[in-house]
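# Fold and contact review
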Amino acid sequence: MLEGSCNCQNVRFRVDGGGDSVAACHCGQCRKQSGHYWASGYAPDAAYDITGEVRWFEASPTAKRGFCPNCGCFLFWKAHAEDGMSFSLGAIDGPTGLRLHKHIFTRWKGDYYDIADDVPQQED
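The structure contained in this document is the topic of the report that follows. Here the structure is a predicted model, which means the values were calculated and not measured. (Residues numbered from 1 in each chain as written. Predicted model: local features only at pLDDT ≥ 70, side-chain atom pairs only at ≥ 80, totals over all residues. Heavy atoms only, no water.)

## Digging into the sheet that holds strand β10 (residues 102–104)
Each strand in a sheet pairs with another by means of backbone hydrogen bonds, the pair being arranged parallel or else antiparallel. Strand order across the open sheet formed by 7 strands is β6-β7-β8-β9-β4-β3-β10, with mixed pairing between neighbours. The open sheet is flanked by β6 (55–58) and β10, the only strands paired with a single partner. Strand after strand, the sheet turns through a mean of 30° between neighbouring axes, direction not considered. Summarising the sheet, strand β3 (residues 23–25) and β10 pair through 3 bridges and their orientation is parallel. Paired with A24 across the bridge in β10 is H103. (Pairing = 2+ DSSP bridges. Helix = DSSP H or I, 4+ residues; strand = E, 2+ residues; numbered from the N terminus. Axes fitted to C-alpha atoms, helices over the stretch in contact; angles between N-to-C directions.)

The following block contains the structure:
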């Protein structure tokens, strides 16, 4: 069980699992929202226990982003057509025990950094 929170602690969550699809997303939206690429785990909706208010931003016709309305921390990403969602690995309180499985949307990565590990990369 992983536990996480936003900066102000108004939103806290527990997730059972999340290690099946650990990704670093390099798309423009994730880079703008997080300040760099966004690292996340993924779990079915039923695996989450979330307390506090999460505000959702319709980021595209296919997905939304969940954040704390008080401190602004970007915590979740959810595709409308999926029964699961991604959570920010940076929001986990303490060690995760997880390892990165893939880099996604590398075609849009910033020009100010290189991907220097041996983790598989997907352009889209």
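## Concerning the sheet that holds strand β2 (residues 12–15)
The 3 strands are arranged β1-β2-β5 in an open sheet whose pairing can be described as antiparallel. This sheet does not close on itself; its edge strands, each paired only once, are β1 (2–5) and β5 (48–51). Averaged over all pairs of adjacent strands, the angle between strand axes in this sheet comes to 15°, irrespective of strand direction.

## Overview of the packing of aromatic side chains
Evaluation of the coordinates by the stated rule reveals 9 aromatic pairs. Ring centres of Y37 and Y113 lie 5.9 Å apart, and the angle between their planes is 50°; on these two criteria the pair is classed as tilted. Pair noted here: Y37 is in the loop between α1 (28–34) and β4 (38–44) and Y113 is in the segment after β10, with a separation of 76 residues, a long-range link. Taking relative accessible area as the criterion, Y113 reaches 10% and is therefore assigned buried. (Phe/Tyr/Trp six-rings, centres within 6.5 Å; stacked < 30°, edge-to-face > 60°. Buried < 20%, exposed > 50% of the residue type's maximum accessible area, 1.4 Å probe, protein only.)

## Comments concerning the side chain of H103
Within the element layout of this structure, H103 appears in strand β10. The buried category is assigned to H103, whose relative accessible area is 3%. Look past the residues within four positions of H103 in its chain and what remains in contact with it is A24, H26, I115, D117, V119, P120, Q121 and Q122. (Contact = heavy atoms within 4.5 Å.)

These values are about where atoms sit, not about what they do.
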